[in-house]
Amino acid sequence: MIEQNAQIQQAGAPQPLLHRAGVVVIPALNEERAIRDVALDALRYCEKVIVVDDGSSDRTSEVVADLPLERIRHATPQGKALALRDGFTRALENGCDGVLTMDGDGQHAAADLPRLLAAAKQYPNHIVIGARLLGKDAQPGKNRFGNRVADFFVSWTCGQRIADTQSGQRYYPRAVVELALTLPHDGFVFESEILIEAANRGIRTVSVPIHSRYEDDRRASHFKPIRDVARITRMIAGRLIPHGMMPGNYRRAHSTPPIIVDPGNAA
């Protein structure tokens, strides 16, 4: 179900910045506590916001109903991959040149979105990741371990060292958005698969440092390090093993540092 909210100034709606840009897709599952603030912040920086409610059992969709954004609602939970795909499809229908993404739990700051767009302008036809490199000590230990393992194997398969392959705050150029709609995997594997398949087509990834934000009252992460990293590893094994483990990719990924750029405050 797709709902287009009226583009009018609502009570409590954000006062936009003078130069809003970009389209941001926000997948959300049971995020009634955080999603309104996330959406309000995104509206300050982006000209179009698409919230995809993945079949929440709480009031996720209702708490943003009065905001000037577009809502897509699944009747039942379909997983983050399908939520992103539906948001990507809608963004393409709106004629976007690229798509920003951020999670609905408040982990990502919308103020960083202009920095990702600035990096995308500096590095055309690249994926840009908001890499949680600042304040990493705030990240739970099991998440840090899972992310390190995923970074190792995703970077290997891409043939490029990538900082924070599991971050959900990203910019995808249009060609990558179109590519993502053709990929088969679901769940958190999907976002790793995008990086790998884009790399296979010569599209590299750059990272912009962002802060790790983990508040005590935030709901438990949908990312399960053991389960999801195991799924990512299986997907990667299906690419490495048939190609002789890609030793050239391994050497490139582990002999060259990641591309990290910091455009500063581009808002």
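Before reading on, note that the structure itself is shown above.
Predicted, not measured: the structure shown is a model, and the values here were computed from it. (Residues numbered from 1 in each chain as written. Predicted model: local features only at pLDDT ≥ 70, side-chain atom pairs only at ≥ 80, totals over all residues. Heavy atoms only, no water.)

A. Up close: the overall build of the protein. Of the regular secondary structure elements, the protein holds 8 helices and 8 strands. Out of the 267 residues in the protein, the part that is buried amounts to 54%. The long-range fraction of contacts in the protein, counting pairs at least 24 apart against all pairs at least 6 apart in sequence, stands at 80%. For the protein, the accessible surface area stands at approximately 11900 Å², while carbon and sulfur atoms represent 53% of it. (Helix = DSSP H or I, 4+ residues; strand = E, 2+ residues; numbered from the N terminus. Buried < 20%, exposed > 50% of the residue type's maximum accessible area, 1.4 Å probe, protein only. Contact = heavy atoms within 4.5 Å. Areas by Shrake-Rupley, 256 points an atom, 1.4 Å probe, with all protein chains shown as cover.)

B. How the structure looks around unusual backbone geometry. If you check the backbone angles, Asp-164 has positive phi at about 65 degrees while not being a glycine. Classification of Asp-164 as buried rests on a relative accessible area of 7%. Here the phi dihedral of Met-245 falls at roughly 70 degrees; this positive angle occurs in a residue that is not glycine. Among the structural elements, Met-245 can be located in the loop between helix H7 (225–240) and helix H8 (247–255).

C. Representation of the nonpolar core in the model. Counting 37 residues, the largest nonpolar core has Phe-88, Ile-127, Phe-190 and Ile-194 as the members making the most contacts within it. Only strand E2 (23–28), strand E3 (48–53), helix H2 (80–93), strand E6 (127–134), helix H4 (141–158), helix H5 (174–180), helix H6 (189–200) and H7 provide two or more residues apiece to this core. Excluding residues within four positions of it along the chain, Phe-190 makes contact with Ala-81, Leu-84, Arg-85, Phe-88, Ala-180, Leu-183 and His-185. By size, the runner-up hydrophobic cluster in this structure holds 29 residues, among which are Val-49, Leu-69, Leu-113 and Val-208. (Core = buried A, V, L, I, M, F, W, Y, C linked by side-chain atoms within 4.5 Å.)

D. Geometry of the pairing of strand E8 (residues 205–211). A large share of E8 lies buried, amounting to 6 of its 7 residues. As defined by bridge partners, E6 adjoins E8 across 7 bridges and the pair is classed as parallel. Residue pairing for E8: Val-128 is matched across the bridge by Val-206. (Pairing = 2+ DSSP bridges.)

E. Structural detail: the pattern of salt bridges. Evaluation of the coordinates by the stated rule reveals 15 salt bridges. Note that Arg-36 and Asp-66 form a salt bridge whose closest N and O atoms lie 2.7 Å from each other. Here Arg-36 is found in helix H1 (residues 35–45), whereas its partner Asp-66 is found in the loop between E3 and strand E4 (70–73), with 30 residues between them in sequence. Overall, the relative accessible area of 24% leaves Arg-36 in the partly exposed class. Between Glu-178 and Arg-174 there is a salt bridge; the shortest N-O distance is 3.0 Å. One end of the pair is Glu-178 and the other is Arg-174, both in helix H5 and 4 residues apart, which spans about a single turn. Judged by relative accessible area, Glu-178 falls into the partly exposed class, the value being 38%. Residue Arg-174 is classed as partly exposed on the basis of its relative accessible area of 29%. Beyond isolated ion pairs, a larger network of salt bridges with shared partners links Lys-48, Glu-70, Arg-90 and Glu-93. (Salt bridge = Lys/Arg side-chain N within 4 Å of Asp/Glu carboxyl O.)

F. Region of interest: the side chain of Asp-105. In this fold, Asp-105 is placed in the loop between strand E5 (98–101) and helix H3 (113–122). A distance of 3.0 Å separates a polar atom in the side chain of Asp-105 from the backbone nitrogen of Gln-107. (Polar contact = N/O pair within 3.5 Å; in protein donor to acceptor, adjacent residues only side chain to side chain.)

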